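Each chain is listed here by its residues.
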Amino acid sequence: MTNPVTTATAATKDESGGTLSFYGIWLIAAVALVVLPLIFSSGGSLTSFSLIGISIIFALSYNILLGQTGLLSFGHAVQYGLGGFLAVHMMNAVASYDWPIPLPVIPLIGGIGGLAFATLVGWVMTKRAGTVFAMISLGIGELVASSSLILRSVFGGESGITTDRTALPHIFGWTFGPQLQVYYLIAFWVMISAIAMYALTRTPLGRICNAVRDNPERVEFIGYDPHVVRYFAYMFAGFFAGIAGGLTAINFEIANSAYLGATQSGLVLFAAFIGGTAYFFGPILGAILVTYLQLGLTNVTSVWQLYFGIIFIGIVMFAPGGIAGILMKHRPLIRARTLGTVIPSYLVAALPTLALVLGIILSIETVARYTASEGEGNVINLVGIPFVATAPTTWAVAVVLVVGGFLIARVTWRRVAEAWDRAATVARDRGYLA
Amino acid sequence: MTAAIEVKAVDKSFGNVGIIRDLNLNVAQGERHAVIGPNGAGKSTTFNLISGHIKPTSGEIRLNGEVISGLRPFEINRRGLSRSFQVTNVFARMTVWENVRCAVLWATGHRYAFWKNVDHLPEVKQRTAQILDDIHLSHRRDVPAGLLTYAEQRELEIGITIASGASVIMLDEPTAGMSHAETDRAVALIRRLTEGRTLVIVEHDMSVVFGLADRISVLVYGNIIASGTPDEIRGNPKVKEAYLGEEVD
Ligand SMILES: Nc1ncnc2c1ncn2[C@@H]1O[C@H](COP(=O)(O)OP(=O)(O)O)[C@@H](O)[C@H]1O
Ligand SMILES: [Mg+2]
């Protein structure tokens, strides 16, 4: 009977070591958020960082549903948008009645808005999981989005409702006029929300959410009502989505019906899925990438949504675990010190794959500009080389890149798979892979 | 003393097909009760009825004297009845440790708590470690349940079932598909872990049944044709004819 003792001490040791590196990660994240605007201080990057921060909270809140509890929602923007509207109304009320509520508290009001709506509709919505839940979430999303255009006094119709964030009581001399101050407000809420959502996964409720995700039937036989578990998850997700919505309202000083529509719901699903829902940090990566792409691509191409679609399909087909899944697949290899087996094969595969990708981009842009001639002009600037969309040489280059890139890439991908098998065998032999 | 489980005149039909017909079953407190019968007789269906997985078409089921027919599985579980499944039914993406810990949480009173750190609950931790030790899976604690071997999954299935400390344990073919050695180990495990509790077990291996059970019920075509001590069952001509044949002698 020495076994329980040894396992117990092993567990404790493991945990205290884990705790240390755990706090380390949060500390690094906090420091990064503080110094980021000092390194990249242009107005453009401040705006980008602000939007990325908001979408990190939003994507993490979405993952309480999808990754943690196994609920696929097509209407998560409802809670986000309603949080935004409540925040705007609150800001206007604070300004006109001179209430002593400073701006940094407003995101909490947004959270309460999201929570209130989730509490209201959640019980009925979460009765069933799977397709039923997905369909109801889609329906509620459409319902609220279309109501928002009808109820003009609350939602302000097409134009939305504006506000002035500097009209609220100032604290510590911060007016929140400059974007830098807004950025720090957002960064503060990103830290608070991310820590809170991570902590949630480590509670009894958070663990049972995972159990409901894996096997709702069995959960009923260990004392839990999966419906109640899903309802709790839905309320928490609504609360944090509302915080993100409140921050968006502060950032843009407006709330409009686009906040709660299907596009917004789709984007957050994108971000969470591309980042990877199986790990807590996955949606953070996804939010950064998707927001960055959205901001960057809209400037360089008119068909940016097409690229989104291609990336999404690519992830679904070739890496269903998302970016986090790809990264974490390498962990056992790193532990077994056999990562070196696969890296060279990656490098070899990178070149033809890049050629293939460039060829696809060139083809898409050629077609896009050839068909929709308006405005954009005919010159495609790809990695610094100007291509003329109407020139046959451009078409030839595109074809060569796509066909040649694919044929060579296919061979190199096979090499990658072989290198992987070898590395995995080594990792398995050394006991780092089940 | 009130019976641990009392099934009175229960019928169950799926559509027009009557699967369970006038089922009557009594399991006394602390008894080890085996349910035997040919494949398709309705043993698993009986388990599903008692544990609330499906509702009886008619009739009444009591747990420690209280009517439980019509209650949801989690309500019955909270009243002290826990069951395993014939087909392994675990939380595949969660680790062995997490599987067992989830089964400990409700019974230790933590319910839907979202203000407590699950890693800092000493009683939960200790009980989980104890169960893992009991089912010989301590060395596999960090492996996702879906990656365990078949026999290990069956042991985890038992672990999840007993983890809450329920007073009535129902095991549906816990040794199905196991080798001889594995079966012996599992039976020893079951004997030890259900000490002082009420056990209802479905089992096909007759040497296990007659060695383990205080009482045996024989289920044929959804009806219990005999119920009694191993000796009574051995000598029962109806049982010999319907099910056991020459095996018993
Ligand atoms: N949900 C169901 N719907 C229809 N028929 C069922 C259902 N569950 C079980 N049955 C039928 O009930 C009979 C008894 O099944 P079961 O209880 O699993 O038998 P056993 O466990 O004794 O082998 C079988 O004929 C089976 O096909
Ligand atoms: Mg069965």
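Everything that follows concerns the structure shown earlier in this document.
These numbers come from a predicted model, not from an experiment. (Residues numbered from 1 in each chain as written. Chains lettered and ligands numbered in written order. Predicted model: local features only at pLDDT ≥ 70, side-chain atom pairs only at ≥ 80, totals over all residues. Heavy atoms only, no water.)

1. What to know about the packing of aromatic side chains
Right, on to step 1. Applying the stated rule across the entire model yields 28 aromatic pairs over all chains.
Right, on to step 2. Each ring, one from A:Tyr224 and one from B:Tyr112, has its centre 5.4 Å from the other, and the planes form 75 degrees; the classification is edge-to-face. On the criterion of chain membership, the pair formed by A:Tyr224 in the loop between helix 9 (216–219) and helix 10 (226–252) and B:Tyr112 in the loop between helix 3 (96–105) and helix 4 (122–134) is interchain, its members lying in two chains. The pair A:Tyr224 / B:Tyr112 is uniform in exposure class, with both members buried.
Right, on to step 3. One aromatic cluster in this structure is built from A:Tyr224, A:Phe232, A:Phe236, B:Trp106, B:Tyr112, B:Phe114 and B:Trp115.
Right, on to step 4. For the cation-ring pair, B:Arg83 lies above B:Phe85, with the distance from its terminal atom to the ring centre recorded as 4.1 Å.
Right, on to step 5. If you follow B:Arg141 out to its NZ or CZ, it ends over the ring of B:Trp97, 4.2 Å from the centre. (Phe/Tyr/Trp six-rings, centres within 6.5 Å; stacked < 30°, edge-to-face > 60°. Helix = DSSP H or I, 4+ residues; strand = E, 2+ residues; numbered from the N terminus. Buried < 20%, exposed > 50% of the residue type's maximum accessible area, 1.4 Å probe, protein only. Lys NZ or Arg CZ within 6 Å of the ring centre and 35° of its normal.)

2. Describing the site of ligand 1
All names here are of chain B.
Right, on to step 1. What surrounds ligand 1 is the set Phe 14, Ile 19, Pro 38, Asn 39, Gly 40, Ala 41, Gly 42, Lys 43, Ser 44 and Thr 45.
Right, on to step 2. At a separation of 2.7 Å, an oxygen atom of ligand 1 approaches a polar backbone atom of Lys 43.
Right, on to step 3. Here Ser 44 contributes a side-chain N or O atom positioned 2.9 Å from an oxygen atom of ligand 1.
Right, on to step 4. Counting residues per element, the shell around ligand 1 draws most heavily on helix 1 (residues 43–51), which supplies three residues.
Right, on to step 5. When its residues are assigned to classes, the shell around ligand 1 shows four nonpolar, five polar and one charged. (Near = heavy atom within 4 Å. Polar contact = N/O pair within 3.5 Å; in protein donor to acceptor, adjacent residues only side chain to side chain. Nonpolar A, V, L, I, M, F, W, Y, C, P; charged D, E, K, R; others polar.)

3. Quick word on the pattern of salt bridges
Right, on to step 1. Under the criterion given, the structure shown has 19 salt bridges over all chains.
Right, on to step 2. Of the charged contacts in the structure, one is a salt bridge between A:Asp225 and B:Arg72, with a shortest N-O distance of 3.9 Å. Separated into two different chains, A:Asp225 in the loop between helix 9 and helix 10 and B:Arg72 in the loop between strand 5 (66–67) and helix 2 (73–78) make up a pair that spans both.
Right, on to step 3. A:Asp225 sits in the buried class, given a relative accessible area of 9%. (Salt bridge = Lys/Arg side-chain N within 4 Å of Asp/Glu carboxyl O.)

4. Side note on the coordination of the magnesium ion (ligand 2)
Right, on to step 1. Around the magnesium ion (ligand 2), the protein contributes the donor atoms B:Ser44 (OG) and B:Gln86 (OE1), at 2.1 Å from the metal centre. Within this pair, whereas B:Ser44 is found in helix 1, its partner B:Gln86 is found in the loop between strand 6 (81–83) and helix 3, the two being separated by 42 residues in sequence. (Donors = N, O, S within 2.8 Å, 3.2 Å for Na, K, Ca; no water.)

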